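# Examining the three-dimensional arrangement
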Amino acid sequence: MTRPRVLGPVVDDETRCIHYRSPLDVIAIRFACCGEYYPCHLCHAEAAGHPAQQWPRHDRDREAVLCGVCGSELTIAEYLATDDCPRCAAPFNPGCSLHAHLYFEA
């Protein structure tokens, strides 16, 4: 399986970046505005060259979250409903829920 590319200042193969690099920071998010994966909102702000847009609520069935451990793409609904990857069980940072409003319409 070919993994989607992840843009921005990524520091390892599990999508950690210079801003968030704990053992649990292993997801990248496809941004609604450009369709590109970035590890976090700060990476997008620094590298994309355009303002971020949230995914609309009606797009919860879109694959927009990449597990950096196994390379699986999750739907927004799958990601918001769990704290670990449903494919490989890698734990995700539950603190990402504090930033969900930056990526996904509430």
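Look a little higher up for the structure.
This text gives an overview of the structure that appears in the document. Everything numeric here is computed off the predicted structure, so don't read it as measured data. (Residues numbered from 1 in each chain as written. Predicted model: local features only at pLDDT ≥ 70, side-chain atom pairs only at ≥ 80, totals over all residues. Heavy atoms only, no water.)

Attention now goes to the side chain of Thr-75. By the secondary structure assignment, Thr-75 is in strand E4 (residues 73-75). Ignoring anything within four residues of it in the chain, the contact list for Thr-75 reads Arg-60, Asp-61, Arg-62, Glu-63 and Ala-64. (Helix = DSSP H or I, 4+ residues; strand = E, 2+ residues; numbered from the N terminus. Contact = heavy atoms within 4.5 Å.)

As a further point, take the pattern of salt bridges. Under the criterion given, the structure shown has five salt bridges. A salt bridge links Arg-30 to Glu-73, with the shortest nitrogen-to-oxygen separation between them at 2.5 Å. Of this pair, Arg-30 sits in strand E1 (residues 27-30) while Glu-73 sits in strand E4; the two residues are 43 residues apart in sequence, bridging distant segments of the chain. Note on Glu-73: relative accessible area 22%, which makes it partly exposed. Each of Asp-12, Glu-14 and Arg-16 takes part in one network of salt bridges that share partners. (Salt bridge = Lys/Arg side-chain N within 4 Å of Asp/Glu carboxyl O. Buried < 20%, exposed > 50% of the residue type's maximum accessible area, 1.4 Å probe, protein only.)

The next thing to look at is the packing of aromatic side chains. Applying the stated criterion across every chain, the model contains five aromatic pairs. Relative to Phe-92, the ring of Tyr-79 lies with its centre 5.9 Å away and its plane at 50°, an arrangement referred to as tilted. Here Tyr-79, found in helix H2 (residues 76-80), pairs with Phe-92, found in the loop between H2 and helix H3 (100-103); they are 13 residues apart in sequence, far enough to count as distant. Of the two residues, Tyr-79 and Phe-92, neither departs from the other in class, the shared state being buried. Taking 6.3 Å as the distance between ring centres and 55° as the angle between the ring planes, the aromatic pair formed by Tyr-79 and Phe-104 counts as tilted. Taken together, the residues Tyr-79 in helix H2 and Phe-104 in the segment after H3 connect sequence positions 25 residues apart. Note on accessibility: Tyr-79 and Phe-104 belong to one class, buried. One aromatic cluster in this structure is built from Phe-31, Tyr-38, Tyr-79, Phe-92, Tyr-103 and Phe-104. (Phe/Tyr/Trp six-rings, centres within 6.5 Å; stacked < 30°, edge-to-face > 60°.)

Time to look at the environment of Ile-76. The topology assignment puts Ile-76 in helix H2. With 16 residues separating them along the chain, Ile-76 and Arg-60 place their C-alpha atoms 4.8 Å apart. Ignoring any residue separated from it by four or fewer positions in sequence, one finds Ile-76 in contact with Trp-55, Asp-59, Arg-60, Arg-62, Ala-64 and Phe-104.

Reading across from one edge, E2-E1-E3-E4 is the order of the four strands in this open sheet, with antiparallel pairing throughout. In the strand order of this sheet, the two ends are held by strand E2 (37-38) and E4, each with one partner. Sheet topology places E1 next to E2; two bridges connect them, and they run antiparallel. By the bridge assignment, Arg-30 is partnered in E2 with Tyr-37. (Pairing = 2+ DSSP bridges.)

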